[in-house]
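Structural overview
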Amino acid sequence: MAVEVLSTADGRAKTALSRTHAAAWFAARAAGRDIPLGHAAPPSQPARPDRPELLDPREVPRRRPGSDKGRIAMLHAVAHIELNAVDLHWDIIARFTDTPMPMGFYDDWVKSADEESKHFNLICDCLEEMGSHYGALPAHAGMWRAAEDTADDLIGRLAVVPMVLEARGLDVTPGMIAIFERAGATRAVDAMQVIYAEEVHHVAYGSKWFHFLCGRHDLDPKEVFHDLVRRYFHGALKPPFNEEKRAEAGLPPDFYWPLAESATTLG
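A brief structural summary. Counting of residues starts from 1 at the beginning of each chain's written sequence and follows it residue by residue. This being a predicted model, a pLDDT of at least 70 is required before a residue's local features are given, and a value of 80 or more before pairs of side-chain atoms are given or counted; all residues contribute to the totals for chains, interfaces and linings. Excluding hydrogens and water, the side-chain figures rest on all heavy atoms present in the structure.

Structural notes on the pattern of salt bridges
Note the following rule: A side-chain nitrogen of Lys or Arg and a carboxyl oxygen of Asp or Glu constitute a salt bridge if their distance falls within 4 Å. Secondary structure elements follow DSSP: runs of H or I no shorter than four residues count as helices, runs of E no shorter than two count as strands, and numbering proceeds from the N terminus. Whether a residue is buried, partly exposed or exposed follows from its accessible area with a 1.4 Å probe, protein chains only, as a fraction of its type maximum: under 20%, in between, or over 50%, in that order.
Enumeration over the complete set of coordinates arrives at 21 salt bridges. Where Asp-107 meets Arg-29, a salt bridge forms, and the shortest distance between an N and an O atom there is 2.7 Å. With a gap of 78 residues between them, Asp-107 in helix α4 (residues 103-129) and Arg-29 in helix α2 (residues 11-30) connect regions that are remote in the sequence. We classify Asp-107 as buried; its relative accessible area is 16%. Measuring nitrogen to oxygen at the nearest pair gives 3.8 Å for the salt bridge that ties Arg-231 to Asp-153.

Here we look at α2
Structural remark: α-helix, 3.6 residues per turn; residues separated by three or four positions point the same way. Quick reminder of the rule: Under the convention used throughout, the expected extent of a helix is 1.5 Å for every residue step, that is, one less than its residue count. Taking the helix axis as origin, the arc is that swept by the directions to the C-beta atoms. Contacts are assigned to residue pairs that have any heavy atoms within 4.5 Å of one another. Contacts described as polar in this section are N or O atom pairs within 3.5 Å, which, within protein, must combine one atom able to donate a hydrogen with one able to accept it, while residues neighboring in sequence count only if both atoms come from side chains.
An ideal rise of 1.5 Å per residue puts 28 Å on 20 residues; α2 measures up with 28 Å between its terminal C-alpha atoms. Regarding α2, the residues found buried are Gly-11, Lys-14, Thr-15, Leu-17, Ser-18, His-21, Ala-22, Trp-25 and Ala-28. What you see down the axis of α2 is that its buried residues fit within an arc of 160°, all on one side. Set apart from the buried face of α2 by more than 90 degrees, the exposed residues are Thr-20 and Ala-30. Considering only its buried residues, α2 is in contact with α1 (2-6), α3 (68-95) and α4. Its side-chain oxygen 3.2 Å from the backbone nitrogen of Arg-12, Asp-10 forms the N-cap of α2. Just downstream of α2 lies Gly-32, where phi reads positive at about 75°.

Overview of the packing of α3 against α4
Just so we agree on the cut-off: Every axis corresponds to a line fitted to the C-alpha atoms, with the helix fit spanning only the stretch in contact, and the corresponding angles, defined between N-to-C directions, vary from 0 to 180 degrees. Should an angle fall under 35 degrees it is called roughly parallel, over 145 degrees roughly antiparallel, and 65 to 115 degrees roughly perpendicular, with every other angle called oblique. Handedness of each helix crossing follows the sense of rotation of the near helix against the far helix: counterclockwise by less than a right angle gives left-handed, clockwise gives right-handed.
Contact pair α3 / α4: the axes reach a minimum separation of 8 Å and the direction vectors enclose 160°. By the angle class used here, α3 and α4 are roughly antiparallel. Along this stretch, α3 crosses α4, giving a crossing that reads as left-handed.

A few points about the packing of aromatic side chains
Under the convention used in this document: Working definition: rings of Phe, Tyr and Trp (its six-membered ring) pair if their centres are within 6.5 Å, and the pair is stacked with planes under 30 degrees apart, edge-to-face with planes over 60 apart, and tilted otherwise. In this analysis the charged atom, NZ for Lys or CZ for Arg, is taken to sit over a ring once it is within 6 Å of the ring centre and within 35 degrees of the ring normal.
Counted according to the given criterion, the structure contains ten aromatic pairs. Relative to Trp-209, the ring of Phe-105 has its centre 5.6 Å away and its plane inclined at 80°; by these criteria the two rings are edge-to-face. One end of the pair, Phe-105, is in helix α4; the other, Trp-209, is in helix α7 (residues 186-216), with 104 residues separating them in the sequence. In this structure, Phe-105 and Trp-209 share a single accessibility class: buried. Between Trp-109 and Tyr-205, the aromatic rings sit 6.0 Å apart at their centres with planes inclined by 85°, giving edge-to-face as the arrangement. You can see Trp-109 sitting in helix α4 and its partner Tyr-205 sitting in helix α7, a full 96 residues away along the chain. Across the pair, Tyr-205 and Trp-109 agree in class, each one buried. Geometry around Tyr-196 places Lys-245 over its ring, the cationic atom sitting 5.6 Å from the centre.

Pasting the structure below:
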């Protein structure tokens, strides 16, 4: 199931398949007949449509959010993030089956993949309402780098993807919601509020299973988190941080502030 999603290029087709497989997973779980986990060989990079053109982050044009074009560009960037998140959540399911994990681990990431699929479609609907579509603008080429860097390290994947990258979404989403509220873009506001509420759960799943693996190996979670982020995350953790939502997701300030401070000092 996971590899089939990862091997599907078109965004709408990928997310439809993702939601179908998630529904099958949870129907089986509810009926008490678990779908066997097995082993699979996920691709090193997920299939992608011909558009958007993927550019170095420094080459992606910056647009001001005060115009329709700027807001379309912002939504396009969010759609790109959500599509990558669909693949990241199916990838963590397929890539690390050699590490024995409770079934709840798979429940959490299937649910996350399903929600990210819904998020992608909500944002695509907003783009189409504004006369655009996913693929109309260039997008960030580096979104899969964290997956490649942590392809052999489950605990590293948990530290960097949900606990750093998705936690960043908790920091920036309230500001985006405010931009669309000022523009009277009700559909976009509603979509972003759904995303904001559900992303807290995804960060929390990352924190939960990160702490689970630290406990399994008798490791100090904070020290391990700092080591892994310094190893795998390219760049500084940038304040301001949404401390309330991060705490709700199981991320205390002493996890991320030291990394931001040391990055600032070094920079």
